[in-house]
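Descriptive analysis of the structure
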Amino acid sequence: MFNNLLAFLFQKALFFSVKTRVFLILFTLISSNVFAQNSAINQSYEDALQAFYQAKYQTSIIHLKNILQLDSNHLPSRVLMAENLLQQGKASAAEVELKFASAAGADNMKIMPLLARAYLIQNNYQFILDIYIPENSPDNYKSIMQGYVGYAYLGQRDYPQATAAFTQSLTLSPNNVDALLGLAKVSIQQEDSAHALSLIKQVLTIEPNNKQALLMASITYKLTNDLSAALTTINQLILLDDKNYSALLTRSMLLSGLGEDEQAAADLDIILDHFPNEPIANYVRLISSPAQADNEASKKLELHLMSILASIPAEYKNEQPVFLFLTGLVNFQNNAMENAQQTLLKYHKKAPNDIAAIKLLARSQMALGDYFQAKKHLIKAHFLDEADVEIWALLARTYMMTDELDKADFYFKKVHNSNPTDLTAIIDLATLYLLNDDVIAIQKLLEPATKIASLSDNIPQQTQILFMLIKALQETNSLDEAMLYSQQLLKVANNNTYAHQIQGNILALQGKIAPAKAAFIRAIELDESNFQAVMFLARIEALLGNINSSIALLKTALESGPNSALYIELGDVYQGINNTEASMTWYQKGLAKNPSSILALNKIVAIHLADHQLEQAVAITENYIQKFDNNEQAHLLLAQLYQQSGWYQKALTQMNQYVKLATNRAVAFYQLAQLQLVNNDTNEAELSLQKSIAWQSDYQPAYLLLLSLYNKLDTATEAEEKSLKLINALSAVSADKSLIAQLTADLYWSINQENKALNLYQQSYTIKANRAALLGLFRIYRSNKQYVQISKLLTEWLNKNPDDLTLAISLAENYRLMGDLAKASSYYQTLVENNSDNPVLLNNAAIVYRELKQYDQAAELIDRAYQLMPQNIIILDTKAWIEFHRGNVNNALALLRKANTLDYENAEVKYHLAVTLAALQRKTEARKYLQESVSSEQTYPEKSQAKALLSSWR
């Protein structure tokens, strides 16, 4: 068969012989050019580096520009370019280079001090304060960065903080002269800035035309009876904005106080131009008007009344509180909830026991989403009248929205029990069950309620009950029963587009595509603006491969007007066919149409991240939060983006805001703990995890992460005590005995009680073959070099779980550790054939072939890994070491330079860099890297060889 294949290829070779010769000549020329280009880059970089060391910065820059013209992604050149620019004082240009290098993966240990220096030159102090300094970084690095923090605080005139930062910098490195100079500057320039007015002056020094600062300054001057200064400041603001009615009102009051009544009246005239009718006379006319019997005329008059009431001077309203209540009522009826709340709060202060006003105030606050304030007022109303059923219902709704679901349940049931046939009370209680995902309770409540509703003339309530019941049945996958109620729904609401839509959903879930399409089409016929039905139909078309039909449906729907959901759906369709440019366009349209759409934001951010545009992702999310600060998911997203950017403090601020807003506090506190652990803030992480468990006693991820913290405690006794207590708490709410045994085994492994851990892992694995217990056994066997047991364990697992590539690679590595390189290479070859695009697999296989001294095979494998992950340190190091052993020392040096730029603290890379430089007769530079490698606390397989080499060089 092999010979037949050769014959076939030979025939093809003859057929294409002329083309092939031409191709080979071109390929040879191209390859030669690429090799020559790489050689030129490597030499130019070394020349640039030497010029930099000799303070010949412009010469160095010329070399670097030549390199970047050939390869704009050459990271070492980007970093060195930034260092040259900083030496020349060109901080803005240096910042651009550093951000490019950071986005491309350069190590923060190298980048952040340089970036802080660039920020300092440009007076960008807050940017410096936002840089995250890991606790586990070297003292020298922390000292340098704390010095920059001190200068940032000094620039902001925060002298106590500056002093603290400089002092901490000196504690870490007593000879840090920059920190000492910083303390000197603090001593010279320190001044008191505590007074409110002086703070405002500082703002105005920075931004003289800040309207809010000018207004606050004027009011502050007035409070201190400095009317002249107040008037001067407010005049400055009005010069900037002559339509600022707050400023005009403030000036009219100031002028009146100074006896300038005519000028005060002129300002009031400007304000009253917006309310041309005299308010009191118009009010009397409106409330006595017979036109109130005419709904349309009444609505116009009501709107006019709202305008007039808004123009009534505050002083008059305070004298006549009835106008405050009336203004609040009219605003509430016209859905102007913010105005309603403000006015009703003023009325409430004057009539604190008016229950009708309290209920109206609470309703306006609920409409604004301020359920905590609404709850506070309703509790008071309940105290004034404990038998008011409306207050019970309102209290229940606020408790539901503040996650106090037990209290909501109590009051909803109280309302329901007071009148069991009240459909509103039934719907409220069902809504609570829906929020609790208690679909069984919904079914028990609503199935009998459908009979009550069928006797009612209230078709909307009948429809709502059936909709909720059908949704609950869908959640439990009771599709046949859901279909029966769907048919009942169509009997009472056959012309309801959403009734047909929900039937289409059920049919689609049942796999009945043709009738589902018919249902969606009928829903659209009833209401062309039912865009949900349009989107469902478009999804079916896309699923069937009819992409053009799907797009046409959505674009036709858009002819009736812009719609955010349709834009996003179109983006999804294009994303499904990998047309990222088109999908981004539609997602952006979706966000432009609905600026609060977190869905559109997430999709835009995802595309930016896929394109490695982290800064753009951060910027658009920050802009979103400026407009919609109460969106919990936006704060979570921004926290994650800040974390990716290395800005821990910013990330923590956003994560805390997310926790405050989160509907699921257990998950939110868990995510907060994960972030805190990134900063090694284990104490705060522990508290967050305890809060997570307090919110949801059976939330397993919080238990697992907290156990991992306890397992790392300094004393084995404390670790055992805390962990066992936590495991017992979990066992009380979990019936998974295998999990409990595995977690207990993890504990004993962490405190070096290997025998107990081994027995418990075996117990867990016996109860239920699970990966976590298997990994525990693997660790113990590996630590004892029990390679035969590992081989047996992994082979049995992989026979049942053949797709577990990670453990398959572990088995191959086990063969290597056993010294059976032939078996390891054979097994790796099989794995590579089935998983040709896995860079970890390709890298490990290349190492085996390198150890077999089969360098060509090793090079072929590592080149494939490198194409997949060109920025990965391990792959770069493996490729460099293979190149070194193949005799391509200059290629190895270039790769190791790149790896060192990406991970400046990697001791193994520095060892390989030292050996490579020594081979190029550059022993002085090599000794520097070798010394750093040996001095590092990191361990790596060749550490003993590195130490021996260093000793031989002394």
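Per an unreviewed UniProt entry, the recorded name for the protein is PEP-CTERM system TPR-repeat protein PrsT, and the organism is Colwellia echini.

Turning our attention to the overall build of the protein. Looking only at helices and strands, the protein features 55 helices and zero strands. Across the 954 residues in the protein, those meeting the buried criterion constitute 45%. Counted over contacts in the protein with a minimum sequence separation of 6, partners at least 24 positions apart contribute 47%. Per element, the accessible surface of the protein, about 49600 Å² overall, is 53% carbon and sulfur.

Turning next to the packing of helix H31 (residues 531-543) against helix H32 (residues 547-558). One way to put it is that H31 packs onto H32 with a least axis distance of 7 Å and a crossing angle of 165°. Regarding the angle of H31 to H32, the classification is roughly antiparallel. Crossing hand, H31 versus H32: left-handed. Between H31 and H32, the contacting residues are Phe531, Val534, Met535, Leu537, Ala538, Glu541 and Ala542 on the first element and Ile547, Ser549, Ser550, Leu553, Leu554 and Ala557 on the second. For the contact of H31 with H32, the per-class residue count stands at ten nonpolar, two polar and one charged.

Within this structure, the stated rule accounts for 16 aromatic pairs. Seen in terms of ring centroids, phenylalanine 410 and tyrosine 411 are 5.0 Å apart; in terms of plane orientation they differ by 85°. Their pairing is edge-to-face. The interplanar angle of 55° and the centroid separation of 6.5 Å between the aromatic rings of tryptophan 881 and tyrosine 911 together place this pair among those described as tilted. Here the residue tryptophan 881 occupies a position in helix H51 (residues 873-885), and tyrosine 911 occupies one in helix H53 (residues 907-919), the gap between them amounting to 30 residues. Judged by its relative accessible area of 6%, tryptophan 881 is buried. A residue is classified by how much of its surface remains accessible, and tyrosine 911, at 6% relative accessible area, is buried. Over the aromatic face of phenylalanine 100 sits the side chain of arginine 78, whose NZ or CZ is 4.1 Å from the ring centroid.

For the rest of this paragraph, the subject is empty space enclosed by the protein. The gaps of empty space that remain are located by a probe, the size of a water molecule, rolled over the atoms. One pass over the structure, following the stated rule, counts one cavity of 30 Å³ or more. Here the largest cavity is characterised by a volume of approximately 60 Å³. Lining the largest cavity are Asn42, Tyr45, Glu46, His74, Pro76, Asn890, Leu893, Ala894 and Arg897. Secondary structure elements with two or more residues in the lining of the largest cavity: helix H2 (17-53) and helix H52 (889-902). The element contributing the most residues to the lining of the largest cavity is H52, with four residues. Class assignment for the residues of the lining of the largest cavity results in four nonpolar, three polar and two charged.

A separate point is helix H55 (residues 943-953). When H55 is considered as a whole, its buried residues turn out to be Lys943, Ala946, Leu950 and Trp953. Each buried residue of H55 sits inside an arc of 80° when the element is viewed along its axis, so together they form one side. Set apart from the buried face of H55 by more than 90 degrees, the exposed residues are Ser944 and Ser952. Buried positions along H55 lie against H53 and helix H54 (923-935).

Moving on: the layout of surface pockets. Quantified by volume, the largest pocket comes out at close to 1800 Å³. In terms of lining residues, the largest pocket is bounded by 50 residues, among which Asn73, Leu75, Ala104, Gln871 and Lys898 are the most central. Grouping the constituent residues of the lining of the largest pocket by class yields 21 nonpolar, 19 polar and ten charged.

Attention now goes to the nonpolar core. In terms of nonpolar packing, the biggest core is built from 121 residues, with Met145, Tyr828 and Leu930 touching the most fellow members. The biggest single contributor to this core is helix H8 (residues 139-155), with eight residues. Membership of the second largest hydrophobic core comes to 75 residues, among which are Ala374, Ala425, Ala482 and Ala557.

For the rest of this paragraph, the subject is the packing of H31 against helix H33 (residues 564-576). The relative placement of two packed helices is expressed as an angle between their axes plus a distance between the axes. Running from N to C, H31 and H33 point in directions that differ by 10°, and their axes come no closer than 10 Å. Relative to H33, the element H31 lies roughly parallel. Listed contacts from H33 to Phe531, Val534, Met535 and Arg539 of H31 are Ala565, Leu566 and Glu569. The residue inventory of the contact of H31 with H33, partitioned by class, reads five nonpolar, no polar and two charged.

Okay, the environment of methionine 400 next. In this fold, methionine 400 is placed in helix H23 (residues 389-401). With relative accessibility at 10%, the residue methionine 400 sits in the buried group. As for methionine 400 and tyrosine 371, which are separated by 29 residues in sequence, their C-alpha atoms are 9.3 Å apart. Ignoring any residue separated from it by four or fewer positions in sequence, one finds methionine 400 in contact with Leu405, Ala408, Phe412, Thr431, Leu432 and Leu435.

When glycine is set aside, most residues are seen to have a negative phi, and most peptide bonds are trans. One non-glycine residue, histidine 612, lies in positive phi territory at about 60°. Note on placement: histidine 612 falls in the loop between helix H35 (598-610) and helix H36 (614-627). Histidine 612 gets classed as exposed once you look at its relative accessible area, which sits at 65%. Of note, asparagine 752 is a non-glycine position whose phi angle comes to about 65°, a positive value. Turning to its location among the elements, asparagine 752 is positioned in the loop between helix H43 (737-750) and helix H44 (754-767).

Moving on, we come to the pattern of salt bridges. Close approach of charged atoms allows side chains of opposite charge to pair. For the structure on display, the rule yields 34 salt bridges. Here arginine 522 ties to glutamate 525 by a salt bridge, and the two come within 3.5 Å at their closest N and O atoms. Remark: glutamate 525 and arginine 522 occur in helix H30 (residues 513-526); sequence separation between them is three residues, near one turn of the helix. The closest approach of N and O atoms between glutamate 925 and arginine 922, which form a salt bridge, is 3.0 Å. Taking relative accessible area as the criterion, arginine 922 reaches 23% and is therefore assigned partly exposed. Here the residues in one salt-bridge network are Glu46, Arg897, Arg922 and Glu925, joined through shared partners.

The subject of this paragraph is the side chain of glutamate 813. Mapped onto the elements of the fold, glutamate 813 is located in helix H47 (residues 805-817). Glutamate 813 sits in the buried class, given a relative accessible area of 16%. If we skip the residues at most four places from it in the chain, glutamate 813 touches Tyr828 and Asn844.

Turning our eyes to something else, we now look at the UniProt feature "repeat: TPR" (unreviewed entry) in the protein. Residues given the UniProt feature "repeat: TPR" (unreviewed entry) here are residues 143-176, 177-210, 389-422, 564-597 and 839-872. Helix and strand shares over residues 143-176 are 79% and 0% respectively, and the end C-alpha atoms of the span are 7 Å apart. Annotated as 79% helix and 0% strand, the span residues 564-597 places its first and last C-alpha atoms 8 Å apart.

Note: predicted coordinates in regions of low pLDDT should not be interpreted at a detailed level. Residues at a pLDDT of 70 or more form 86% of the protein, whose mean pLDDT is 83. Segment residues 188-194: pLDDT under 50, and eight contacts once partners within four positions in sequence are set aside and those in other chains are kept.

Turning our attention to helix H3 (residues 57-70). Every α-helix winds through 3.6 residues per turn, so residues three or four apart in the chain are directed the same way. The end-to-end C-alpha distance of H3, which contains 14 residues, comes to 20 Å, matching closely the 20 Å that a straight helix rising 1.5 Å per residue would cover. By the burial criterion, the buried members of H3 are Ser60, Ile61, Leu64, Ile67 and Leu68. In an axial view of H3, the angular spread of the buried residues amounts to 120°, which keeps them on one side of the axis.

Bringing the environment of alanine 213 into the picture now. For alanine 213, the position within the fold is in helix H12 (residues 211-223). Remark: the alpha-carbon pair of alanine 213 and leucine 197, spanning 16 residues in sequence, is separated by 10.0 Å.

Our focus in this paragraph is the side chain of histidine 912. You can see histidine 912 is positioned in helix H53. Not counting chain neighbours up to four residues away, the residues in contact with histidine 912 comprise Asp877, Trp881, Leu896 and Glu942.

Rules used in this analysis
- Residues numbered from 1 in each chain as written.
- Predicted model: local features only at pLDDT ≥ 70, side-chain atom pairs only at ≥ 80, totals over all residues.
- Heavy atoms only, no water.
- Helix = DSSP H or I, 4+ residues; strand = E, 2+ residues; numbered from the N terminus.
- Buried < 20%, exposed > 50% of the residue type's maximum accessible area, 1.4 Å probe, protein only.
- Contact = heavy atoms within 4.5 Å.
- Areas by Shrake-Rupley, 256 points an atom, 1.4 Å probe, with all protein chains shown as cover.
- Axes fitted to C-alpha atoms, helices over the stretch in contact; angles between N-to-C directions.
- Parallel < 35°, antiparallel > 145°, perpendicular 65-115°, else oblique.
- Left-handed = near helix turned anticlockwise from the far one by under 90°.
- Nonpolar A, V, L, I, M, F, W, Y, C, P; charged D, E, K, R; others polar.
- Phe/Tyr/Trp six-rings, centres within 6.5 Å; stacked < 30°, edge-to-face > 60°.
- Lys NZ or Arg CZ within 6 Å of the ring centre and 35° of its normal.
- 1 Å grid on protein atoms, 1.4 Å probe; cavity = no way out; pocket = protein on both sides within 12 Å on 5 of 7 lines; lining within 4 Å.
- Points joined across faces, edges and corners; volume = space filled by probe spheres on them.
- Arc of directions from axis to C-beta.
- Core = buried A, V, L, I, M, F, W, Y, C linked by side-chain atoms within 4.5 Å.
- Salt bridge = Lys/Arg side-chain N within 4 Å of Asp/Glu carboxyl O.
- UniProt positions renumbered as here; feature names shortened; annotations may be inferred.
- pLDDT = per-residue confidence, 0-100.
- Expected span 1.5 Å × (residues − 1).

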